[in-house]
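# Working through the structure, step by step
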Amino acid sequence: MIPVVSEADLLALFETGHEVLKAEKVLKQANIALRLLPAPAGLATGCALAIRFAADQRPAFEAELSAAGVPPKIIYRKEQDGWSVA
Amino acid sequence: MTVHTVDTRGLRCPQPLMLAKKALEGMGAGERLRVLIDNEISRDNLIRFLKDHGITPELSVDQGVYTLLLEKTAGAPGLGDAMAYCSPEGPATGPVIVLSHNGMGSGSEELGKILLQACVNTLKEVSPLPSAILCYNAGVFAVSAGAPTVPALTELVEQGVDLLVCGTCVDYFELKSKIAVGTISNMYDILQHLSTAERIITL
C-alpha cells in the first residue's frame, strides 16, 4: 500500500461537491497541480471529496480559490499518526 | 532435441503452473520445455514448484517476459498439486478494474468525472493493488494525454499493474497519438483478463 498523501502535501476540504468541482477548474486554469481524492475517514463533515496539493503551493492555492469565491473549508496536513489542521 | 513451448503470457496463477505441469506430464525424458511468463508472481511460484520436484530451470528475461527453460529428466518424480503453489505464500491477487466509460457511475457526467479521478487516485492505496486495469469504450479517455487520471495510472503501471487499452476503441475515438500510459491491446487479451480474474470491479 502506497500513501497517496505525503507529509509534503496538504489536503483541502470543501463544504459541497459543487465547490470541489469549481475549485478543481479554477486550480487547473491557474496551473496549480492537484489530485482529487476521497476525504480520509473521520475528516469529512461536508463533501467527501478532497483536493491534495503541494504544501509550497499554498499561497497561490488559497489566493486563487478566494478570488473565485470557493475558499476551502479546512486544510489538513498529514502527520505520522493522523491529520492536523494546517 | 524436442523443445515444447507453453506461452502463459496474460495468465495469472494458477494457470501458468497448471499449463506447465500438464506439458511436463506429456513429455518424455530428455525433452525440454520452454515456459513464457509475464508476471513475477507466477514466475516465482513456478520456479518453487519445479525446484520442489527436483527441476532447476534456466531463467532469462526479455522486455518483461520471463522464459523458463527446463529439461524433464529420467526418473523424475510425479508432479504434485500445482494449485498449492499459488497460495498462501504468494501475495493476494488484486481485482481487475474495468474503466468502461468516461466517468464513474451514471447520473451526472461532471460528477462522474471527478469521482473517477478520486477513485483512480486512491487505487494505489488499496491492498492488494489491482492485478489489471482494462480500459474500453469511452474508458480509454482515462489514459489519453492530459487526462487527470494519467499520473495515478502511470504510478500504478510502475507498481506492476497491467493497464490494457482497447485498440479498437482508441481508433474509434481517434486517440491513437494521445495515449499517455498503458498498452494498446485487443479483445483477446482483455477477455483473457476478464475470464481469469478472481474479482472484477466495473467503475
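Residues numbered from 1 in each chain as written. Chains lettered and ligands numbered in written order. Predicted model: local features only at pLDDT ≥ 70, side-chain atom pairs only at ≥ 80, totals over all residues. Heavy atoms only, no water.

Attention shifts here to the packing of aromatic side chains. Residues and elements named next belong to chain B. The tally for this structure, following the rule as stated, stands at three aromatic pairs over all chains. Seen in terms of ring centroids, Tyr172 and Phe173 are 5.0 Å apart; in terms of plane orientation they differ by 90°. Their pairing is edge-to-face. Lying across the ring of Tyr66, Arg43 places its NZ or CZ 4.5 Å from the centre. (Phe/Tyr/Trp six-rings, centres within 6.5 Å; stacked < 30°, edge-to-face > 60°. Lys NZ or Arg CZ within 6 Å of the ring centre and 35° of its normal.)

On to the domain arrangement of chain B. All names here are of chain B. Here chain B is described as being made up of domain 1 (3-85) and domain 2 (96-202). Just the C-alpha atoms count here: the centres of domain 1 and domain 2 sit 31 Å apart. At the junction of the two partners, domain 1 supplies four residues and domain 2 supplies five residues. Here domain 1 and domain 2 share one salt bridge between them. Notably, a salt bridge pairs Asp162 with Arg12, separated by 2.1 Å at the nearest N-O pair. Where domain 1 touches domain 2, the interface holds one residue pair in polar contact (both at pLDDT 80 or more). Tallied by class, the residues present in the side of domain 1 that touches domain 2 amount to one nonpolar, two polar and one charged. (Domains from an automatic or database assignment. Contact = heavy atoms within 4.5 Å. Salt bridge = Lys/Arg side-chain N within 4 Å of Asp/Glu carboxyl O. Polar contact = N/O pair within 3.5 Å; in protein donor to acceptor, adjacent residues only side chain to side chain. Nonpolar A, V, L, I, M, F, W, Y, C, P; charged D, E, K, R; others polar.)

The subject of this paragraph is the layout of surface pockets. Residues and elements named next belong to chain B. Each pocket or cavity is described by its volume, and for the second largest pocket that value is around 400 Å³. Lining the second largest pocket are 19 residues, with Gly10, Asp38, Asp162, Leu164 and His193 sitting closest to its centre. Of all the secondary-structure elements, those providing two or more residues to the lining of the second largest pocket are strand 7 (162-166), strand 8 (183-185) and helix 6 (187-196). Of all the elements, helix 6 adds the most residues to the lining of the second largest pocket, at four residues. In terms of residue class, the lining of the second largest pocket is made up of seven nonpolar, seven polar and five charged. (1 Å grid on protein atoms, 1.4 Å probe; cavity = no way out; pocket = protein on both sides within 12 Å on 5 of 7 lines; lining within 4 Å. Points joined across faces, edges and corners; volume = space filled by probe spheres on them. Helix = DSSP H or I, 4+ residues; strand = E, 2+ residues; numbered from the N terminus.)

So, on to the sheet that holds strand 7 of chain B. Residues and elements named next belong to chain B. In spatial order, the strands read 8-7-6-5-9; together these five strands make up an open sheet with parallel pairing. Each edge of the open sheet carries a strand with a single partner, namely strand 8 and strand 9 (200-202). Taking each pair of neighbouring strands and ignoring which way they run, the sheet shows an average axis angle of 25°. Strand direction decides the pairing type here: strand 5 (residues 96-99) and strand 9, joined by three bridges, are parallel. Along strand 9, the bridge assignment pairs Val96 with Ile200. (Pairing = 2+ DSSP bridges. Axes fitted to C-alpha atoms, helices over the stretch in contact; angles between N-to-C directions.)

Next up on the list: the pattern of salt bridges. For the structure shown, the criterion picks out 14 salt bridges over all chains. Among the ionic pairs, Glu110 of chain B bridges to Lys25 of chain A, the shortest N-O distance being 2.8 Å. With Glu110 of chain B in helix 3 (residues 109-122) and Lys25 of chain A in helix 1 (residues 17-29), the pair connects residues from two separate chains. By relative accessible area, Glu110 of chain B is classed as partly exposed at 36%. Residue class for Lys25 of chain A comes out partly exposed when judged on its relative accessible area of 45%. Measuring nitrogen to oxygen at the nearest pair gives 2.7 Å for the salt bridge that ties Glu155 of chain B to Lys124 of chain B. You can see Glu155 of chain B sitting in helix 4 (residues 150-158) and its partner Lys124 of chain B sitting in the loop between helix 3 and strand 6 (132-135), a full 31 residues away along the chain. Among the residues examined, Lys124 of chain B registers a relative accessible area of 12% and is labelled buried. The structure contains a network of salt bridges with shared partners spanning Arg35 of chain A together with Lys124 and Glu155 of chain B. (Buried < 20%, exposed > 50% of the residue type's maximum accessible area, 1.4 Å probe, protein only.)

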